[in-house]
Amino acid sequence: MLFDSIRTIVRNALERLGLADVEPTIELPRHESHGDAATTVALQVARRLGKPPRTIAEEIVARMDYDPSRIAAVEIAGPGFINFRFRPRYFADVFERILDRGERFGFSDRYAGKRANVEYVSANPTGPLHPGHGRNVALGDSIARLLEAVGYRVTREYYFNNAGRQMQNLARSIYARYRQLLGDTDYPFDEENGYKGEYIFDIARELIAEYGDRLRQESDEALAICRTKGEQWCFASIRRTLERLGVHHDVFFNEHSLYTDGHIERTIAALRERGLVYEKDGATWIATTKLGLEQDRVIVKSTGEPTYRLPDMAYHCIKLSRGDDLIVDVFGADHIATIQEVLAAVGALGYDTSRVKVVLHQMVTFMKDGAPYKLSKRSGEQYTLDDLIDELGPDVVRYFFVMRAAETQLVFDLDLARQQSETNPVFYLQYAHARICSVFANARQLGIELLSRDALALDRIEHPAECALIRTLAQFPDVVERAADQLAPYIVADYLHTAAEAFHTFYHECRILGAQSDDLVRVRLALADATRTVLRNGLSVLGVSAPERM
RNA sequence: GCGCCCGUAGCUCAGUGGAUCAGAGCAGCAGACUUCGGAUCUGCCGGUCGGGGGUUCGAAUCCCUCCGGGCGCGCCA
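Student: With reference to specific residues and values, describe the overall build of chain A.
Tutor: Across its full length, chain A carries 20 helices and 15 strands. Per-residue burial over chain A gives 51% buried out of 550 residues. Looking at chain A alone, contacts between residues at least 24 apart form 73% of all its contacts between residues at least 6 apart. Accessible surface computed for chain A: about 25300 Å², of which carbon and sulfur atoms make up 46%. Here chain A carries 67 positive and 79 negative side-chain charges, and the mean point of each set is 2 Å from the other.

Student: Can you explain unusual backbone geometry? Please cite residues and give values.
Tutor: Even without being glycine, valine 121 reaches a positive phi, approximately 70°. Inspection of the secondary structure puts valine 121 in the loop between β5 (115–119) and α5 (133–149). With relative accessibility at 10%, the residue valine 121 sits in the buried group.

Student: Give a detailed account of the sheet that holds strand β3 (residues 71–77), specifying residues and quantitative values.
Tutor: Pairing in this open sheet of 4 strands is antiparallel, and the strands run β1-β2-β4-β3 from one edge to the other. What marks the edges here is a single partner per strand, and that holds for β1 (26–27) and β3. Pairing between β3 and strand β4 (residues 81–86): 6 bridges, direction antiparallel. Across the sheet, the residue bridging to alanine 77 is phenylalanine 81, located in β4. The strands touched by helix α3 (residues 53–62) within the sheet are β3 and β4, with β3 carrying the most contacts at an inclination of about 160°.

Student: Got a sec to walk through the domain arrangement of chain A? Specific residues and values, please.
Tutor: Taken domain by domain, chain A holds domain 1 (4–86), domain 2 (115–160 + 248–361), domain 3 (165–244) and domain 4 (422–541). Put simply, the middle of domain 1 and the middle of domain 2, counted by C-alpha atoms, are 47 Å apart.

Student: Can you lay out the protein's contact with RNA strand B for me, pointing to particular residues and giving the numbers?
Tutor: In the vicinity of RNA strand B, 59 residues are found, and the nearest of them are Phe81, Tyr428, Tyr431, Arg435 and Asn442. The sugar-phosphate share of atoms of RNA strand B within 4 Å of the protein amounts to 65%. Serine 302 places a polar main-chain atom, nitrogen or oxygen, 2.8 Å from a base oxygen of RNA strand B. Contributions of two or more residues to the surface near RNA strand B are made by β4, β10 (297–300), α12 (336–348), β15 (410–413), α16 (425–445) and α19 (490–509). Partitioned by chemical class, the residues of the surface near RNA strand B number 24 nonpolar, 19 polar and 16 charged.

Student: Let's hear about the pattern of salt bridges: which residues, and what values?
Tutor: Counted by the stated rule, this structure contains 37 salt bridges. Among the ionic pairs, aspartate 184 bridges to arginine 216, the shortest N-O distance being 2.9 Å. Taken together, the residues aspartate 184 in the loop between α6 (164–181) and α7 (198–211) and arginine 216 in the loop between α7 and α8 (220–244) connect sequence positions 32 residues apart. Judged by its relative accessible area of 16%, aspartate 184 is buried.

Student: I'd like to hear about the sheet that holds strand β6 (residues 153–160), residue by residue, with values.
Tutor: Taking strand neighbours across the sheet as the criterion, the 5 strands line up as β7-β6-β5-β11-β12 in an open arrangement whose pairing is parallel. Each edge of the open sheet carries a strand with a single partner, namely β7 (251–254) and β12 (356–361). Taking the axes of each pair of neighbouring strands and ignoring which way they run, one obtains an average angle of 25° across the sheet. Here 6 bridges tie strand β11 (residues 326–332) to β12, and the two strands are oriented parallel to one another. Note that in β12 the partner of valine 330 across the bridge is valine 359. Together, β5, β6, β11 and β12 form the strand contacts of α5, whose direction differs from that of β11 by roughly 160°. Packed onto the sheet, helix α11 (residues 309–321) meets β5, β6, β7, β11 and β12 and runs at close to 165° relative to β6.

Student: Any chance you could break down the packing of aromatic side chains for me, citing the residues and the numbers?
Tutor: Taken as a whole, this structure holds 23 aromatic pairs when the rule is applied. Aromatic side chains phenylalanine 366 and phenylalanine 401 sit 6.3 Å apart centroid to centroid with 75° between the ring planes, which places their arrangement in the edge-to-face category. With phenylalanine 366 in strand β13 (residues 364–368) and phenylalanine 401 in helix α14 (residues 394–402), the pair connects residues that are 35 residues apart, well separated along the chain. Residue class for phenylalanine 401 comes out buried when judged on its relative accessible area of 1%. Site record: aromatic cluster; members linked through ring pairs are Tyr158, Phe160, Phe235 and Phe252.

Student: Give a detailed account of the nonpolar core, specifying residues and quantitative values.
Tutor: Judged by nonpolar contacts, the single largest core of 131 residues is most densely connected at Phe86, Leu147, Leu388, Phe401 and Phe412. Here the element with the most residues in this core is helix α20 (residues 518–542); it accounts for 13 residues. Apart from the residues within four sequence positions on either side, leucine 147 is in contact with Ala116, Val118, Tyr152, Val154, Leu326, Val328, Ala484 and Leu487. Tyr159, Phe253, Ile264 and Val342 belong to the second-largest nonpolar core, a separate cluster that totals 24 residues.

Student: How would you sum up the packing of helix α10 (residues 263–273) against α11? Please name residues and give values.
Tutor: With their axes 9 Å apart at the nearest point, α10 and α11 run at an angle of 95° to one another. Considering the angle they form, α10 stands roughly perpendicular to α11. On α11, the residues that touch His263, Ile264, Thr267, Ile268 and Leu271 of α10 are Leu310, Pro311, Met313, Ala314 and Ile318. Grouping the amino acids of the contact of α10 with α11 by side-chain chemistry returns 8 nonpolar, 2 polar and no charged.

Student: Pulling in residues and values, what's your account of the pairing of β4?
Tutor: Of the pairings in the sheet, the one linking strand β2 (residues 37–39) to β4 comprises 3 bridges and is antiparallel in character. Bridging across to β4, threonine 39 finds its partner in isoleucine 82. The turn linking β3 back onto β4 is made up of 3 residues, and glycine 78 within it adopts a positive phi angle of 55°.

Here is what the cut-offs are and how they apply
Residues numbered from 1 in each chain as written. Chains lettered and ligands numbered in written order. Predicted model: local features only at pLDDT ≥ 70, side-chain atom pairs only at ≥ 80, totals over all residues. Heavy atoms only, no water. Helix = DSSP H or I, 4+ residues; strand = E, 2+ residues; numbered from the N terminus. Buried < 20%, exposed > 50% of the residue type's maximum accessible area, 1.4 Å probe, protein only. Contact = heavy atoms within 4.5 Å. Areas by Shrake-Rupley, 256 points an atom, 1.4 Å probe, with all protein chains shown as cover. Lys, Arg positive; Asp, Glu negative; His and termini not counted. Charge placed at Lys NZ, Arg CZ, Asp CG, Glu CD. Pairing = 2+ DSSP bridges. Axes fitted to C-alpha atoms, helices over the stretch in contact; angles between N-to-C directions. Domains from an automatic or database assignment. Near = heavy atom within 4 Å. Polar contact = N/O pair within 3.5 Å; in protein donor to acceptor, adjacent residues only side chain to side chain. Nonpolar A, V, L, I, M, F, W, Y, C, P; charged D, E, K, R; others polar. Salt bridge = Lys/Arg side-chain N within 4 Å of Asp/Glu carboxyl O. Phe/Tyr/Trp six-rings, centres within 6.5 Å; stacked < 30°, edge-to-face > 60°. Core = buried A, V, L, I, M, F, W, Y, C linked by side-chain atoms within 4.5 Å. Parallel < 35°, antiparallel > 145°, perpendicular 65-115°, else oblique.

Quick look at the structure:
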């Protein structure tokens with residue numbers, strides 16, 4: 001948006017040079033002294049033309065046709081960069097286009113008509129979400145919001161397994177606590193595999209309230225009741241936590257349905273058909289070495305039960321056959337081995353795995369009292385994601401988890417996050433938004449209305465801080481698109497800081513309601529309003545609220 | 001041992017598939033409107049981009065190698 005006119009000017013010059021096929025890249029120079037826009041197109045074509053880039057730059061500039069009331073100077077610098085300097089009129093034109101987009105500024109329809117599926121959280125119902133899950137939750141949901149911001153129709157999916165060994169352990173854990181609470185204090189608890197959290201006692205207490213001592217006679221039926229009760233309790237807990245973070249899934253996919261629907265059978269048959277399956281030591285193996293991986297893996301144990309890999313493969317076959325244009329899996333780093341096997345197998349079955357994008361985030365290290373704070377569901381620790389939200393609020397939690405690139409090992413200092421509440425990056429953004437809202441409240445009291453684009457005297461824009469703010473705002477749509485393409489919400493978080501900063505600087509240097517003329521008051525109010533839109537839309541992508549006052 | 005990720009300022013991190021003087025936040029130091037929210041703004045301090053090779057006119061960025069951290073490498077999920 002910022003460089004649309006520049007791109008046209010450069011394209012036309014290239015055309016006159018017989019280089020109509022070249023797509024010039026226009027960039028924001030790293031240093032302000034290098035102007036407002038720069039193109040490296042002369043360097044791009046230097047090799048092809050066999051001429052020094054500076055000479056080419058001169059030829060291009062000589063053939064440029066531009067409006068001197070918009071562009072102050074075109075300079076050739078260094079090895080052949082072409083730098084442009086804008087006049088305020090140029091920024092006024094850009095601002096006009098920002099205003100045209102209104103409330104939707106920053107969002108686009110670039111991928112309109114496309115469908116995306118984002119799978120995240122996918123924690124099994126064996127306990128409350130722990131803080132480490134927070135990164136997956138925040139990352140996955142922000143990615144879903146980002147994709148929506150560029151036009152995708154997004155399905156948010158949660159994959160879970162409510163059968164299998166883990167659930168048996170849960171049931172046994174609950175049953176053991178149930179018996180102990182009933183007075184059978186020597187009833188054995190499986191220290192190795194059992195879930196030790198306090199919440200198991202809570203579930204057991206609910207069972208006592210509901211059934212009294214009627215489950216005291218140990219039976220399959222009693223365990224089944226424990227299992228069902230445990231699943232319901234855990235899912236309720238998980239959903240409550242997600243709700244607090246503004247996260248809602250459209251589809252809860254039960255792994256068990258893969259068995260009842262016959263998908264497991266069909267997948268294994270299809271793999272067998274391609275000669276990728278063999279029997280050894282009583283188990284069934286997949287020959288992933290034939291697909292370029294390190295070693296073969298068991299897909300059906302000698303007991304006849306599939307390993308987790310097989311349903312994962314079947315599940316991805318289903319996801320790929322639904323017709324989504326993009327499938328995003330948000331996983332923790334511990335899934336790295338699995339995802340390779342799954343994609344290799346599914347690819348061998350003829351599915352186009354290039355539609356699957358895996359966002360693999362590294363682990364989170366929580367620091368408390370200056371030391372790593374170990375959090376494990378089975379270690380008996382009580383600290384949960386819910387506790388973290390209690391302590392820091394949903395906005396801080398969401399922001400902190402997405403503020404860094406997924407592949408960094410996030411250090412989350414619980415003490416710092418709490419203390420930081422005054423210089424917190426989240427509050428910096430929210431404060432800018434609240435401040436703008438406050439200006440509008442004052443404007444309303446003075447009877448000053450926000451004017452429509454056509455009624456604004458945009459030629460009154462001349463202050464450098466106004467131009468700098470417009471320059472920053474104009475980048476927002478590109479930032480959103482880049483973040484969506486890279487599935488990287490941190491890019492938006494980073495950008496919002498520079499946007500808020502540009503506004504605060506503008507606010508200090510330019511009086512809005514006290515500007516010299518009514519025209520200028522209106523123009524600056526419109527600038528503040530556009531900034532508010534950017535902040536609101538940007539924060540919404542991150543799932544962070546934009547309060548009107550704080 | 002093998003695979004993937006990371007190593008940039010005291011700390012946490014950017015650096016858009018190479019190119020015009022290595023950037024930001026926090027911490028530290030020094031300052032700032034008689035008026036729109038000082039949860040703000042301005043400036044300063046601070047880095048042989050983990051080490052060493054290589055490719056190039058040019059490397060934080062690409063290749064090789066070593067060192068240091070993380071996560072995996074089950075007939076657990």
